[in-house]
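Secondary and tertiary structure notes
Chain by chain, the residues:
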Amino acid sequence: MTKDMTDGKPIKLILGFAVPLLFGNLFQQFYNLVDTIIVGKFLGVNSLAAVGSTGSINFLIIGFCMGICNGFAIPIAQSFGAKNEKTLRKYVANSTWLALLFAVLMTIATIILCRPILRLMRTPDDIFRGAYTYIVIIFAGIPATILYNMVSGILRAMGDSKTPLYFLLLSAFLNIFLDLFCIVVLHMGVAGAAVATVVSQAVSGVSCLLYMRTKFDILHIRKDEWKLEAQYVRNLCVMGIPMGLQYSVTAIGSVILQSAVNSLGSIAVASMTAASRIGGFFACPFDALGATMATFAGQNMGAGKTSRIRQGIRSANSIGAFYAVISFGIIALAGGKLALLFVDRTEEVILANVKLYLLCNSLFYFPLALVNNIRFLIQGMGYSMLAILSGVSEMIARALAGFLLVPLFGFVAAGFASPLAWIMADVFLIIAYGKVMNRTERIFAERQRMESVEHKQPSC
């Protein structure tokens, strides 16, 4: 069930690992899209805007939860690459305790603070109640989010990207059914969409956990391995917290940008909601490649194979460039028509805004590919702090767009905010990648030299 990525052709391994992740991302976007379609079609533009106005704060908090789980998986991947099963199990046990602690603290804090945050974001009054109802239910489901992402992260760290996909499919279809049931049958409004998301993710997480405990002998943790140990907790926090903060720092820029769009009114918010959902679909391959590079780099770092890491990033970037060209062509031809999934033809302003936003973003998809590939590769190698700094670059770019460009140029500036953020992050990441690889190669070369000297010394 596991996959060793330290041997074999990198491009073949990357594609084989990324494809299941891609399908998982697509289905995750699919049920997010269905949420939006059902809300837009059955509840109207105001409800669509209410759900959409919470997107950036949702990313800020849920992104942090996902980030720490992905970060916790990096020492697990490195232990798997080093073939050290006992250390792997200790990392799994200690990450479980940490995940439980974060789940409790994050749930309490976000439920208390979500109303003031929505006010701070200048959420329009006509959609405020729906926005609050939706996001407070999503935040109450943080334990379910952490459970699924923790378990799936552990499985991916050991090279299994298929099992999380199967349970994500279960979650997607359950979410669609619950959306229709809660909104159309029970008339729960936007609360129904949130409840459907939380329940479906909880079912997926529990199912994935039960399967992992049954099928993976390597993860049968012994009683003594459940003990919290400072060394393991420290290493997990060094990897997990910066990775979570990287998501959140990036999201702060999105919150500022969303606040600026909110000031343009409900039509602009609905436009950005629809465009973001469509754009999320097209960005799925970049997300899958990035997650693949974290596992690929983590395992090869554990095995001490830095040359394979260089080969891997070249292969991933080639795949990303090829897809970027194809996706731009599709959006240029049909991007405007895709907005009809959410609104009627009479909403001409929304349709025009969506087309404009998608074109602005898709022109710069290759920089997005570089952001994901290099950032996750550096994280997989253990340099999580650099990911935060790249996130700061994105935050600054989106904040500039929100504070300066959107008030001056309106909705068109929102379309160019993310491309500006990707380019600024790339400038930092390309330099960081070169320095990280050179430093790592020197460390491994010195380690090999010392081992060679020890072997040559005569035994007494």
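On a predicted model such as this, the values are computed, not experimentally measured, just so you know.

Rules behind the numbers
- Residues numbered from 1 in each chain as written.
- Predicted model: local features only at pLDDT ≥ 70, side-chain atom pairs only at ≥ 80, totals over all residues.
- Heavy atoms only, no water.
- Helix = DSSP H or I, 4+ residues; strand = E, 2+ residues; numbered from the N terminus.
- Buried < 20%, exposed > 50% of the residue type's maximum accessible area, 1.4 Å probe, protein only.
- Areas by Shrake-Rupley, 256 points an atom, 1.4 Å probe, with all protein chains shown as cover.
- Lys, Arg positive; Asp, Glu negative; His and termini not counted.
- Charge placed at Lys NZ, Arg CZ, Asp CG, Glu CD.
- pLDDT = per-residue confidence, 0-100.
- Patch = residues over 30% accessible without salt bridge, like charges linked within 9 Å, V, L, I, M, F, W, Y side chains within 5 Å.
- Salt bridge = Lys/Arg side-chain N within 4 Å of Asp/Glu carboxyl O.
- Core = buried A, V, L, I, M, F, W, Y, C linked by side-chain atoms within 4.5 Å.
- Phe/Tyr/Trp six-rings, centres within 6.5 Å; stacked < 30°, edge-to-face > 60°.
- Contact = heavy atoms within 4.5 Å.

Counting its regular elements, the chain contains 15 helices and zero strands. Going through the 460 residues of the chain one by one, you find that 57% of them count as buried. Total accessible area on the chain stands at roughly 19,300 Å², and carbon and sulfur atoms take up 68% of it. Where the 36 positive side-chain charges of the chain centre and where its 22 negative ones centre are 4 Å apart.

Turning our attention to the confidence of the model for the chain. Of the residues in the chain, 97% reach a pLDDT of 70 or more, and the chain-wide mean stands at 84. When pLDDT is averaged over each helix and strand of the chain, the minimum, 78, is found for helix 2 (residues 45-52) and the maximum, 92, for helix 13 (residues 365-380).

Further remarks concern a nonpolar patch on the surface. There is a patch of nonpolar side chains on the surface, built from I396, L400, F403, L404, L405, L408, F409, L420 and M424 and spanning about 860 Å² of accessible area. Of all the secondary-structure elements, those providing two or more residues to the nonpolar patch are helix 14 (384-409) and helix 15 (411-456). At seven residues, helix 14 tops the list of elements feeding residues into the nonpolar patch.

With respect to the element layout, T133 can be found in helix 5 (residues 125-140). For the pair T133 and W226, spaced 93 residues apart in sequence, the C-alpha separation works out to 38 Å.

Note on soluble globular proteins: their nonpolar side chains tend to be buried together. Judged by nonpolar contacts, the single largest core of 128 residues is most densely connected at L219, L377 and M381. For this core, the leading source of residues is helix 10 (residues 266-303), giving 16 residues. Residues M239, Y247, A294 and F376 belong to the second largest nonpolar core, which totals six residues.

What follows deals with the packing of aromatic side chains. Each aromatic ring pair is specified by the distance between its two centres and by the angle formed by the two planes. Applying the stated criterion across every chain yields a total of 10 aromatic pairs. Judged by centre distance (6.1 Å) and plane angle (10°), the ring pair of F177 and F181 falls under stacked. In this pair, F177 and F181 both sit in helix 7 (residues 162-185), four residues apart, roughly one turn of the helix. Arranged with centres 5.2 Å apart and planes meeting at 70°, the rings of F286 and Y323 form a pair that is edge-to-face. One end of the pair, F286, is in helix 10; the other, Y323, is in helix 11 (residues 306-338), and 37 residues separate them in sequence.

With that settled, consider the pattern of salt bridges. The tally for this structure, following the rule as stated, stands at 10 salt bridges. The partner of K86 in a salt bridge is D224, with the nearest N and O atoms 3.5 Å apart. Of this pair, K86 sits in helix 4 (residues 85-120) while D224 sits in the loop between helix 8 (190-215) and helix 9 (230-262), and the two are 138 residues apart along the sequence. Here K86 falls in the partly exposed class, since its relative accessible area comes to 38%. Across the pair R89 and E225 runs a salt bridge whose closest N-O atoms are separated by 3.1 Å. In this pair, R89 is assigned in helix 4 and E225 in the loop between helix 8 and helix 9, connecting sequence segments 136 residues apart. Among the residues examined, R89 registers a relative accessible area of 7% and is labelled buried. The exposure class assigned to E225 is buried, which follows from its relative accessible area of 0%. Each of K86, R89, R222, D224 and E225 takes part in salt bridges that share partners, so that together they form one network.

Moving on to the side chain of S390. As for its position among the elements, S390 is in helix 14. For S390, a relative accessible area of 0% translates into the label buried. Apart from residues lying up to four places away in sequence, S390 is in contact with R375, A425, F428 and L429.

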